[in-house]
2 protein chains.
Amino acid sequence: MMLGWFVLLLRRATCCIKSNPFQINKQGTLPPLQSTSHQECNPEKSPPIPSDKEAFVTLVTNDSYSFGALVLGQSLRAVHTTRKLAIMITPLVSDNVREQLSKVYDDVHTVDVVDSGDTEKLALLSRPELGITFTKLHCWRLTNYTKAVFLDADTMVLRNVDDLFDKEELSAVPDIGWPDCFNSGVFVFRPSEDTYQALLQCATNTGSFDGGDQGLLNTFFSDWGTKDISRHLSFLYNMTSTIHYSYLPAFNRFGGDVKIVHFIGPIKPWHHQYDSRSGTVKPHPNQDSTLPPHHMDFLQAWWDVFMNRVKPLLEGQGQLLSGDHPGDTQDLTGQLAQLQVYGVESPAHVSSEDHRRAWERGEIDFTGLDRFENIQKKLDAQIKS
Amino acid sequence: MMLGWFVLLLRRATCCIKSNPFQINKQGTLPPLQSTSHQECNPEKSPPIPSDKEAFVTLVTNDSYSFGALVLGQSLRAVHTTRKLAIMITPLVSDNVREQLSKVYDDVHTVDVVDSGDTEKLALLSRPELGITFTKLHCWRLTNYTKAVFLDADTMVLRNVDDLFDKEELSAVPDIGWPDCFNSGVFVFRPSEDTYQALLQCATNTGSFDGGDQGLLNTFFSDWGTKDISRHLSFLYNMTSTIHYSYLPAFNRFGGDVKIVHFIGPIKPWHHQYDSRSGTVKPHPNQDSTLPPHHMDFLQAWWDVFMNRVKPLLEGQGQLLSGDHPGDTQDLTGQLAQLQVYGVESPAHVSSEDHRRAWERGEIDFTGLDRFENIQKKLDAQIKS
């Protein structure tokens, strides 16, 4: 089962994972992946040298997305990346969560676009809708790194992807909604203050055609589609999990090599219910019923990382043992509620296209649909034994 | 309205159409496109020299798809291509329809894979599911042309695309279902007997991972994704009309420049009902209700070409004035039925994924779901005054 393969991959990795071209058969199963040592992978090559000057970077704008970032970070650890892990957070992320993130990430940077320099303030004033975008742009300011790979917090790594550091700025994967554009969930870039300022200027002058960072970055790196094939990354590096699979034979043919899965859409893995007795994630009531079965496999893989590699970290601090069911580790949803998760609209109420789009851009309506009381109510409603 | 723009484009074209970067506004409207003379387009350039050695090529495997081919051919005429138009047909296409096609296409080639050479027969025996694929591969045998652009019969040209002949084999557009692969509905190629034989060999040895020509061609031209950016055509050259528009802002930003629209999916434009009194195409009862409004605009554009440029051709032969309503030009569906259309499953019964996929590959179940009696029944049911 693909489930078994992912579980094996993530639980038993002791070294690099040999990238074998598995082919998913008609039942959607894969042979178990054997983890190998570096020497077995490349008997003629020395083990890779860890690099302090290169990093995977992600962004969390609220506590909810921190679950994504924690799983992402631990998935990178599971495939034994030799690069640093860096994360940008906003002041909206609680101290509690920041502390958890610091256990997984080597660097935690707080970015506050409101309390920034004059240029940023002016940019924000002229383009207030780009608040979150401006936060993401700060990844170009991490100039302690010479090269970095940005990964959205709703992605998860399934194989070692350190080879991305052989690529140049701006390398990315085509967006399946408009493949002339790249999807900004995964990209290779070179931190640079000059580039940052130029991006800010572009945002101020031109804005973003989609109201978010993807439109802006595609405007700025407008020659991505036509200039250099080496900057087109394989879809395997940013495989959108919830696509309608209009080309299922290709997924069956190539999908066994998927390296990074991207949980696009308003319903994130951490919105699903999880039955800790059976160890299985449940489909979401609002989930598109036409989604292919392997979407559940990817969700299961996410939850396996969460349960095996994130939850123990969180429990180590003791805060998950308080609440309605002290010591009860079966009611995970209730425990998550204790983490003061806020900033997410229960997918049960994600109804309008506008709200979905805003949600995906990370524009959380903290005073409206997404306010904490609504979220708390929704989480309580999801509690099941 | 985009509708108005398409109508103006196709009805009033007198020469080349200036490719202006229109931006679709939030109401989905476009400014009217002004057709221009060659001199106005490129005042410094001489008019393009017609080329007899280069051609647009399409394929029709049954009378139903001939409607698509007729509209495609006439849309190419409407944008004043200077290249030849060639079409491959199978013996299943009736003489009547062949005659109509010859009015639009410069060359009509009958391809019969069953009555082919030994190599082809052997290939067909070993890979019987690839019957239609083998027919399509015959485009590489049109060696009277040095270069050609293949266009599926369910595409339609909205702007002059003769610039495709500046491209090399194999140039194509990424498939939105798996963008590491190209969509084989539009591609630039160089006819060659050697390439044809190599393709046949590949089909025999490897088969096709999707059971059709796209899987085979992507296997044969396996470096398309990584070798040469110039062989990646813009999405504007093969814009799938029925995609779920998961990136609508990009369509709004760039879609005004669309050059070729591709009506993928089992429901083709010619399956829709058309009200000739109001001049509007009707949504299909099985049509996905989440499709964006501009999909209807594209359907309308297709029907406008049919009504303005194809129907007059067909009526010129007199056969459309017989039947239930002699002289009645309002009941177009009835008239189409008189053309002995067969080989199409009424979309009302396209229910299974397998049938949809088979249908898209042109694998019509002539003795089963798609047999003539069923089709006749469905067409009769669609007749409305």
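Residues numbered from 1 in each chain as written. Chains lettered and ligands numbered in written order. Predicted model: local features only at pLDDT ≥ 70, side-chain atom pairs only at ≥ 80, totals over all residues. Heavy atoms only, no water.

To keep things clear, this is the line we draw: UniProt positions are given in the numbering used here, feature names are shortened, and annotations may be inferred rather than shown by experiment.
An unreviewed UniProt entry lists chain A under the name glycogenin glucosyltransferase, with Branchiostoma lanceolatum given as the organism. The Cofactor (unreviewed entry) field of the UniProt record for chain A holds the comment "Mn(2+)".

1. A word on the overall build of chain A
Put simply, the rule is: By the criteria applied, helices consist of DSSP H or I runs no shorter than four residues and strands consist of E runs no shorter than two, each listed in order from the N terminus. Relative accessibility under 20% of the residue-type maximum defines a buried residue, over 50% an exposed one, and the middle range a partly exposed one, all with a 1.4 Å probe and only protein chains included. In what follows, a contact means two residues having at least one pair of non-hydrogen atoms within 4.5 Å. With residues, only the protein chains shown are counted as cover, and all accessible areas are computed by Shrake-Rupley using a 1.4 Å probe.
The helix and strand inventory of chain A stands at 13 helices and eleven strands. Looking at the 385 residues of chain A, the share that counts as buried comes to 58%. Of the contacts made within chain A by residues no fewer than 6 positions apart, 70% connect residues no fewer than 24 positions apart. As displayed, chain A offers around 15200 Å² of accessible surface, 50% of which is attributable to carbon and sulfur atoms.

2. Some remarks on the packing of helix α3 (residues 63-78) of chain A against helix α10 (residues 293-315) of chain A
Residue and element names in this part refer to chain A. Going by this rule: Axis angles are defined between N-to-C directions and span 0 to 180 degrees, where every axis is a line fitted to C-alpha atoms and, for a helix, only to the segment in contact. Small angles under 35 degrees read as roughly parallel and large ones over 145 as roughly antiparallel, with 65 to 115 read as roughly perpendicular and the rest as oblique.
Where α3 contacts α10, the axes come no closer than 9 Å and their chain directions differ by 100°. One way to sum up the angle between α3 and α10 is to call them roughly perpendicular. On α10, the residues touching Phe67, Gly68, Leu70, Val71, Gln74, Ser75 and Ala78 of α3 are Trp302, Val305, Phe306, Arg309, Val310, Leu313 and Leu314.

3. Description of the relation of the copies chain A and chain B
This is how it is decided: The fit set for superposing copies consists of C-alpha atoms from residues with pLDDT of at least 70 in both; the fit itself is least squares.
If you rotate chain A by 180° and push it 0.0 Å along the axis, it lands on chain B with an RMSD of 0.0 Å. Interpreted geometrically, this transformation is the action of a two-fold axis. Mapped onto chain B, 100% of the interface residues of chain A are again interface residues, and the two copies thus contact each other with one and the same surface.

4. Focus: the sheet that holds strand β5 (residues 155-157) of chain A
Think of a sheet as strands paired side by side through backbone hydrogen bonds, with each pair either parallel or antiparallel. Residue and element names in this part refer to chain A. Heads up, the condition is: Strands are treated as partners if at least two bridges between them are detected by DSSP.
A sheet is described by the order of its strands in space; here three strands give the open sequence β5-β9-β8, paired in mixed fashion. Every other strand in the sheet has two partners, leaving β5 and β8 (239-240) as the edge strands with one partner each. Bridging between β5 and strand β9 (residues 260-262) involves three bridges; their strand directions are antiparallel. The partner of methionine 156 across the bridge, within β9, is valine 261. Strands β5, β8 and β9 of the sheet are contacted by α10, whose axis makes an angle of about 75° with β5.

5. Some thoughts on the side chain of threonine 133 of chain A
Checked against the element boundaries, threonine 133 of chain A lands in helix α6 (residues 131-137). If we skip the residues at most four places from it in the chain, threonine 133 of chain A touches Gly211, Gly212, Asp213 and Leu216 of chain A.

6. Digging into the interface of chain A and chain B
So the rule is basically this: Here the quantity called buried area is the accessible surface, traced with a 1.4 Å probe, that two parts lose on coming together, added over both. One speaks of a salt bridge when a side-chain nitrogen belonging to Lys or Arg is within 4 Å of a carboxyl oxygen belonging to Asp or Glu. Within 3.5 Å is the distance limit for a polar contact, defined as a pair of N or O atoms, with the added protein rule that one can donate a hydrogen and the other accept it, and that residues adjacent in sequence qualify only through two side-chain atoms.
Each partner contributes residues to the interface: chain A has 34 residues there, and chain B has 34 residues. Taken together, the two surfaces of chain A and chain B that pack against each other cover about 2900 Å², and 68% of this comes from carbon and sulfur. Per-residue buried area on chain A facing chain B is highest for Trp178, Ile229 and Tyr247 of chain A; these three make up 29% of the total on that side. At the junction of chain A with chain B, the criterion picks out zero salt bridges. Summed over the shared surface of chain A and chain B, the result is six residue pairs in polar contact (both at pLDDT 80 or more). Mapped onto the side of chain A that touches chain B, the elements with two or more residues apiece are β6 (171-175), β7 (178-189), α8 (213-220) and α9 (248-254) of chain A.

7. Observations regarding the pattern of salt bridges
The full count for this structure, using the stated rule, is 28 salt bridges over all chains. Across the pair arginine 141 of chain A and glutamate 193 of chain A runs a salt bridge, and its minimum N-O distance is 2.8 Å. Of this pair, arginine 141 of chain A sits in the loop between α6 and β4 (147-151) while glutamate 193 of chain A sits in helix α7 (residues 193-206); the two residues are 52 residues apart in sequence, bridging distant segments of the chain. A salt bridge links lysine 147 of chain B to glutamate 168 of chain B; its shortest N-O distance comes to 3.6 Å. With a gap of 21 residues between them, lysine 147 of chain B in strand β4 (residues 147-151) and glutamate 168 of chain B in the loop between β5 (155-157) and β6 (171-175) connect regions that are remote in the sequence.

8. Points about the environment of alanine 250 of chain B
One can find alanine 250 of chain B in helix α9 (residues 248-254). Look at alanine 250 of chain B and you get buried, because its relative accessible area is 0%.

9. Describing unusual backbone geometry
Residue and element names in this part refer to chain A. Residue leucine 170 is reached from glutamate 169 by a cis peptide bond, and omega for that bond is -5°. Structurally, leucine 170 can be placed in the loop between β5 and β6. Unlike most non-glycine residues, histidine 80 shows phi in positive territory, near 60°. Residue position: histidine 80 is located in the loop between α3 and β2 (83-89).

10. A short note on the pairing of β7 of chain A
Residues and elements named next belong to chain A. Burial analysis of β7 places eleven of its twelve residues in the buried class, the great majority of the element. Two strands pair when backbone bridges link them, and β4 and β7 are joined in this way by four bridges, in the antiparallel orientation. Paired with phenylalanine 150 across the two strands is phenylalanine 187, which belongs to β7. In this structure, β6 lies alongside β7, joined through five bridges in antiparallel fashion. For alanine 172, the partnering residue across the bridge sits in β7 and is phenylalanine 187. Where β6 folds back onto β7 in an antiparallel hairpin, the turn is made up of two residues.

11. Focus: the nonpolar core
Nonpolar side chains tend to gather and get buried jointly when the protein is soluble and globular. Here is the rule we go by: Definition used in this section: a nonpolar core is a set of buried Ala, Val, Leu, Ile, Met, Phe, Trp, Tyr and Cys residues joined via side-chain atoms within 4.5 Å.
Of all hydrophobic cores here, the largest spans 60 residues; its most connected members are Leu101, Tyr105, Leu151, Met156, Trp302 and Phe306 of chain A together with Trp178 of chain B. The element contributing the most residues to this core is α10 of chain A, with ten residues. Once residues within four sequence positions are removed from consideration, tryptophan 302 of chain A is found in contact with Phe67, Gly68, Val71, Met156, Phe263, Pro269 and Trp270 of chain A. Listed in part, the 59 residues of the second largest apolar core include Leu72, Leu101, Phe165 and Ala250 of chain B.

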